[in-house]
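Here's the letter readout for the chains.
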Amino acid sequence: MGRARSMSRPCNAPRIVVGVDRSFAGMQALRRAVQLARRDGAQLDAVRAWVFAPTWRPGTLTWRWQDECDQAALAYLRGVFDAALGGQPRDVPVRLVATQGYAGQVLVDHAHRESDLLVVGSPERRRFGGSHGHVTRYCVTRAAVPVVAVPAPSWARAATIRRFARDLERFSR
């Protein structure tokens, strides 16, 4: 696990920990986490995990690159807040957390307090019961706290919208 880098407003309230990504399910999970934080008077920890595996020699990530990756992950978090909610809510204490590691493990490790609630996006289920969501599955099976798996909005589950979203994601990288 790498170092955690965050921007925070301190809060002693219970925490809602949400895994953040730009998928429709991820943005819906962020919206739901904000609703839960408002309802419970909780702090919202928005978590983005990142992995950098250099191809030339594993384990050679310099601190400078790690800092740059942390900053990029924090910028990503801000961008998802802008896309999903028009910016960070002012009525909920928000802490942005960027951590090096695999998403499922980072989320499970971060949501460790007894009073924590973990919120993750739940991708579409496949025809024969399988799911695309290995991170969601990891969190549901390994977290020591309650996990809320939030599906994408119903309009985003239409086949045409899914194809458009895949194409948009591929061309926006």
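Here's a quick rundown of the structure. Small disclaimer: the values here were computed from a predicted structure and weren't measured.

## Let's talk about the overall build of the chain
Next up, step 1: What the chain contains, in helices and strands, is 5 helices and 6 strands.
Next up, step 2: Listing every helix and strand of the chain by position from the N terminus yields β-β-α-β-α-β-α-β-α-β-α.
Next up, step 3: Every one of the 173 residues in the chain was classed for burial, and the buried ones make up 39%.
Next up, step 4: If you take every contact in the chain between residues at least 6 apart in sequence, the share linking residues at least 24 apart comes to 78%.
Next up, step 5: Element-wise, carbon and sulfur atoms account for 53% of the exposed surface of the chain, whose accessible area totals about 10,300 Å².

## Points about the environment of Gly 104
Next up, step 1: Tracing the chain through its elements places Gly 104 in helix α3 (residues 103-110).
Next up, step 2: Linking Gly 104 and Val 140, residues 36 residues apart in sequence, is a C-alpha distance of 9.4 Å.
Next up, step 3: The contacts of Gly 104, once residues within four sequence positions are left out, are Val 135, Tyr 138 and Cys 139.

## Some details on the nonpolar core
Next up, step 1: Residues Ile 16, Val 18, Leu 30, Leu 44 and Val 119 are the most contacted members of the largest nonpolar core, which totals 28 residues.
Next up, step 2: Every element with two or more residues in this core is listed here: β2 (15-19), α1 (24-40), β3 (43-50), α2 (63-85), β4 (94-100) and β5 (117-122).
Next up, step 3: Not counting residues up to four positions away in its chain, the partners in contact with Ile 16 are Ala 33, Leu 36, Ala 37, Asp 40, Ala 42, Gln 43, Leu 44, Asp 45, Leu 117 and Val 119.

## What about α1?
Next up, step 1: Helix length check: α1 (17 residues) gives 24 Å between terminal C-alpha atoms against 24 Å at 1.5 Å per residue, within 8%.
Next up, step 2: Among the residues of α1, those classed as buried are Ala 25, Gly 26, Met 27, Ala 29, Leu 30, Ala 33, Val 34, Leu 36 and Ala 37.
Next up, step 3: Count one or two residues on from α1 and you reach Gly 41, which has phi positive near 65°.

## Structural notes on the side chain of Gln 43
Next up, step 1: Secondary-structure assignment places Gln 43 in strand β3.
Next up, step 2: Under the relative-accessibility criterion, Gln 43 is labelled buried at 5%.
Next up, step 3: Reaching out from Gln 43, the side chain makes a polar contact with the side chain of Asp 45 at a distance of 2.5 Å.

## Quick notes on the pattern of salt bridges
Next up, step 1: Counting across every chain of the model gives 5 salt bridges.
Next up, step 2: Note that Arg 15 is salt-bridged to Asp 45, the shortest N-O span being 3.1 Å. Note that Arg 15 is positioned in strand β2 and Asp 45 in strand β3, a separation of 30 residues in sequence. Taken as a pair, Arg 15 and Asp 45 share a single burial class, namely buried.
Next up, step 3: With its nearest N and O atoms 2.7 Å apart, the salt bridge here joins Arg 39 to Asp 40.
Next up, step 4: Look at Asp 40 and you get partly exposed, because its relative accessible area is 36%.
Next up, step 5: One network of salt bridges, with partners in common, ties together Arg 15, Asp 45, Arg 95 and Asp 116.

## So, the packing of α3 against helix α4 (residues 134-142)
Next up, step 1: Following both chains from N to C, one finds α3 and α4 inclined at 35°, their axes separated by 8 Å at the closest point. Between α3 and α4 lies a crossing of right-handed hand. Packed against α3, whose contacting residues are Ala 103, Gly 104, Gln 105, Leu 107 and Val 108, the element α4 presents Val 135, Tyr 138, Cys 139 and Arg 142 at the interface.
Next up, step 2: Considering only residue class, the contact of α3 with α4 consists of 6 nonpolar, 2 polar and 1 charged.

About the cut-offs
- Residues numbered from 1 in each chain as written.
- Predicted model: local features only at pLDDT ≥ 70, side-chain atom pairs only at ≥ 80, totals over all residues.
- Heavy atoms only, no water.
- Helix = DSSP H or I, 4+ residues; strand = E, 2+ residues; numbered from the N terminus.
- Buried < 20%, exposed > 50% of the residue type's maximum accessible area, 1.4 Å probe, protein only.
- Contact = heavy atoms within 4.5 Å.
- Areas by Shrake-Rupley, 256 points an atom, 1.4 Å probe, with all protein chains shown as cover.
- Core = buried A, V, L, I, M, F, W, Y, C linked by side-chain atoms within 4.5 Å.
- Expected span 1.5 Å × (residues − 1).
- Polar contact = N/O pair within 3.5 Å; in protein donor to acceptor, adjacent residues only side chain to side chain.
- Salt bridge = Lys/Arg side-chain N within 4 Å of Asp/Glu carboxyl O.
- Axes fitted to C-alpha atoms, helices over the stretch in contact; angles between N-to-C directions.
- Left-handed = near helix turned anticlockwise from the far one by under 90°.
- Nonpolar A, V, L, I, M, F, W, Y, C, P; charged D, E, K, R; others polar.

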